[in-house]
Every structure is written in structure tokens, then in C-alpha cells.
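# Fold and contact review
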Amino acid sequence: MSDSPTPTILVTGGSRGIGAAIVRRMAQSGWNVAFSYRSSADSAEALAAELSSDGVSVKAYASDAADFEQAGQLVDAVLKDFGRIDALVNNAGITRDNLLLRMGEADWDLVIQTNLKSVFNLTKAVTRPMLKQRGGSIINMTSIVGMIGQAGQANYAASKAGIIGFTKSVAKELGSRSIRCNAIAPGFIETDMTDALPEDTKAEYFKQIPLGRFGKPEEIADVVHFLASGHSTYLSGQVLSVCGALNC
Ligand code: NAP
């Protein structure tokens, strides 16, 4: 029997979609999981109750990732409950799509705050505990849209491109302390976010995806598991596109 403590992962936006698949995958792999949500309290609590077992503990926290104070309080609460944070997944994200001509300042600000500032908020809050633990894995959810752009998504694309620069900088800054930082760039994944797309837009995307389908949240969760685990210990500062060859 190993004496090493059960590893703990913190996932932002774990109540639905890709985040919920990550929570499930990590709990089923023997990790304790803390995850946040903004408003879906019922589904978050149901997921935590379903996955908590004798072996692992899964706990949901209401916390707005875009709010600097709340992010700090979330990390403090997780450290109090679990004693450590071995991996952080900055997954929370939103879209507020519109052509630039029609995009209002409020939709620009909300997307940048939720998608990009949240990554700063949470990463900053875990840095000190990870330095004390002498290691950690930070995984940021960007998007292929942050690399190739998308009409109607200037705010979203800018937030996701910002995450890539942040990821590479943090990897350089914290690498000497065994803290790794990587990003995952999903293509189109079947969640509420892509459900909102008109059917004809979806049909157009299918034609452009060499694998001929949207991805599943579980296919992103598998990559998170790889990046959080001991199977990727020399991998840092990278952006892994998980997009059915759409961006290659
Ligand atoms: P989703 O189904 O809409 O779920 C979004 C999650 O983020 C929910 O759990 C939501 O919580 C949470 N959230 C939103 N704002 C938050 C905030 N301010 N604080 C805390 N949690 C917040 O989205 P998804 O498709 O799973 O996307 C997850 C991530 O992958 C996002 O960063 C997205 O940009 C990225 N991504 C998705 C795709 C795709 O095709 N789906 C492609 C590329 C990248 P509530 O349930 O409480 O609202």
C-alpha cells in the first residue's frame, strides 16, 4: 500500500458539459475532486453526491470564477476541505456571440472576465500552495477558435488566445518549481454551448471536420486526465488541439 495522499483536482465550471465529464473521469480514476459552478446548484450537488464514494470525495462549490475575491476564497475552502491541490483545470467559460459591428461593450467585458480573467484569478490563487507542495499541474481550456478565429466570436477568440499566451508564460515562470502548465484546445464538442448553434451551421462544421463528427466531453476529459497525471511529467507550455483534425 502506498502512503501518498489521494491527489486532489480543482475544476472550474464542473456542473455541466466538458467540466462535468472531467469531474467524472477524475473521480473514477481515484482523485478527490473539488469543482465550482456559477448557477447550476442542483446538477452540481447531484453530480457530487453521485460520485462521492468511500474511496474519493467530490465536492461542489458555488463560486464565480470571474471574481478575484471569490476565486481566492474557493482555493482557501478547497485547501481546508482537502488539504492540497495537485491539479487545477480552468474550464469555466461562456460565449456571447455577435458580429463586431453589433457587439456591445458589456458582452466583450463579460466574456473576457469569465474566460480569461478567471484563469488569472484561479492560477494565481493556487500558485502559492503548489509552490509549497513542490509541484502541480495547471490545465487551461482554450479553443481552436483562439488560434484560427471565428466570425461572430471576436470576444471569445480574444479570450481564448489570451489563455494561450498566459499558459506559455506560466509554464516558463513556474517550471523550475515542477509546476506544469498546459492548455487544451477543443474543436466542436457536444455540450450546451454547441447545442445553441443553428442546425445548418452545425451541418457546415461537420463537413469541415476530418473525423466527421463533433467530439464528446469524455474525449476532452481523457486528455485532462493525461495532463494531470504522472504520464505527462515532461509536458509543459503546450497547447493540445483535440479537434478531430479540424485545426492541423
Ligand atoms: P457549458 O456546457 O456551457 O458549461 C459551462 C460551465 O462553466 C458550466 O459548468 C457553468 O456553470 C460554468 N461557468 C460559466 N461561467 C462561470 C463562472 N463565471 N464561474 C464559474 N463557473 C462558470 O460549456 P462547455 O461546452 O462544457 O465548455 C467548457 C469549456 O470548454 C469552456 O471554457 C469553453 O470555452 C471550452 N470549449 C468548449 C468547446 C465546445 O465545443 N463545447 C470548444 C472549445 C472550447 P453553470 O452550470 O453554473 O452555469
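This text goes with the structure placed above it.
Residues numbered from 1 in each chain as written. Predicted model: local features only at pLDDT ≥ 70, side-chain atom pairs only at ≥ 80, totals over all residues. Heavy atoms only, no water.

This part is about the layout of surface pockets. Here the second largest pocket defines a volume of roughly 260 Å³. What lines the second largest pocket is simply Phe-120, Thr-123, Lys-124, Thr-127, Arg-128, Leu-131, Phe-166, Val-170, Glu-173 and Leu-174. At the level of elements, α4 (105-133) and α6 (154-174) are the ones that each hand at least two residues to the lining of the second largest pocket. The element that contributes the greatest number of residues to the lining of the second largest pocket is α4, accounting for six residues. Tallied by class, residues from the lining of the second largest pocket come to five nonpolar, two polar and three charged. (1 Å grid on protein atoms, 1.4 Å probe; cavity = no way out; pocket = protein on both sides within 12 Å on 5 of 7 lines; lining within 4 Å. Points joined across faces, edges and corners; volume = space filled by probe spheres on them. Helix = DSSP H or I, 4+ residues; strand = E, 2+ residues; numbered from the N terminus. Nonpolar A, V, L, I, M, F, W, Y, C, P; charged D, E, K, R; others polar.)

Bringing the sheet that holds strand β2 (residues 32-37) into the picture now. What the seven strands build is an open sheet, ordered β3-β2-β1-β4-β5-β6-β7; its pairing is parallel. Only two strands of the sheet have a single neighbouring strand rather than two, namely β3 (58-62) and β7 (239-242). The mean angle between the axes of side-by-side strands here comes to 20 degrees, regardless of whether they run parallel or antiparallel. Of the strand pairs in this sheet, strand β5 (residues 136-141) and strand β6 (residues 179-186) are connected by six bridges, and their pairing is parallel. Within the sheet, the bridge partner assigned to Ile-139 lies in β6 and is Asn-182. The sheet contacts of α4 involve β1 (8-11), β4 (87-90), β5 and β6, and relative to β4 the element is tilted by about 175 degrees. Sheet strands touched by helix α9 (residues 217-228): β1, β4, β5, β6 and β7. Its angle to β6, the strand with the most contacts, is close to 165 degrees. (Pairing = 2+ DSSP bridges. Axes fitted to C-alpha atoms, helices over the stretch in contact; angles between N-to-C directions. Contact = heavy atoms within 4.5 Å.)

A separate point is the site of the ligand. Residues in contact with the ligand amount to 31 residues; listed here are only the nearest, Ser-15, Ser-39, Ser-40, Tyr-156 and Thr-191. Note that an oxygen atom of the ligand is positioned 2.7 Å from one of the side-chain N or O atoms of Ser-15. Here the ligand loses 97% of its free accessible area of 900 Å² to cover by the protein chains. Broken down by secondary-structure element, the contributors of at least two residues to the shell around the ligand are α1 (17-28), α6 and α7 (192-195). For the shell around the ligand, the leading source of residues is α7, giving three residues. (Near = heavy atom within 4 Å. Polar contact = N/O pair within 3.5 Å; in protein donor to acceptor, adjacent residues only side chain to side chain. Areas by Shrake-Rupley, 256 points an atom, 1.4 Å probe, with all protein chains shown as cover.)

Below, the discussion takes up the packing of α4 against α6. Remark: α4 packs on α6, axes separated minimally by 8 Å, with the N-to-C direction vectors making an angle of 15 degrees. In this view, α4 runs roughly parallel relative to α6, as classed from their interaxial angle. Relative to α6, α4 is oriented so that their crossing is right-handed. Across from Asp-107, Trp-108, Val-111, Ile-112, Asn-115, Leu-116, Val-119, Phe-120, Thr-123, Thr-127 and Leu-131 in α4, the residues of α6 making contact are Ala-154, Asn-155, Tyr-156, Ala-158, Ser-159, Lys-160, Gly-162, Ile-163, Phe-166, Val-170 and Leu-174. The residue makeup of the contact of α4 with α6, split by class, is 14 nonpolar, six polar and two charged. (Parallel < 35°, antiparallel > 145°, perpendicular 65-115°, else oblique. Left-handed = near helix turned anticlockwise from the far one by under 90°.)

This part takes up the packing of aromatic side chains. Here the structure, examined in full by the defined rule, presents four aromatic pairs. Ring geometry for Phe-68 against Phe-120: centres 6.0 Å apart, planes inclined by 20 degrees, an arrangement best described as stacked. Residue Phe-68 is found in helix α3 (residues 68-82), and its partner Phe-120 is found in helix α4; the two are separated by 52 residues along the sequence. Given the relative accessible area of 36%, Phe-120 is considered partly exposed. A centroid spacing of 5.5 Å and a plane angle of 25 degrees characterise the contact between Phe-188 and Phe-214, whose relative ring orientation is stacked. Of this pair, Phe-188 sits in the loop between β6 and α7 while Phe-214 sits in the loop between α8 (199-208) and α9, placing them 26 residues apart in sequence. One exposure class covers both Phe-188 and Phe-214, and it is buried. (Phe/Tyr/Trp six-rings, centres within 6.5 Å; stacked < 30°, edge-to-face > 60°. Buried < 20%, exposed > 50% of the residue type's maximum accessible area, 1.4 Å probe, protein only.)

Any functional reading would require information that these geometric values do not contain.
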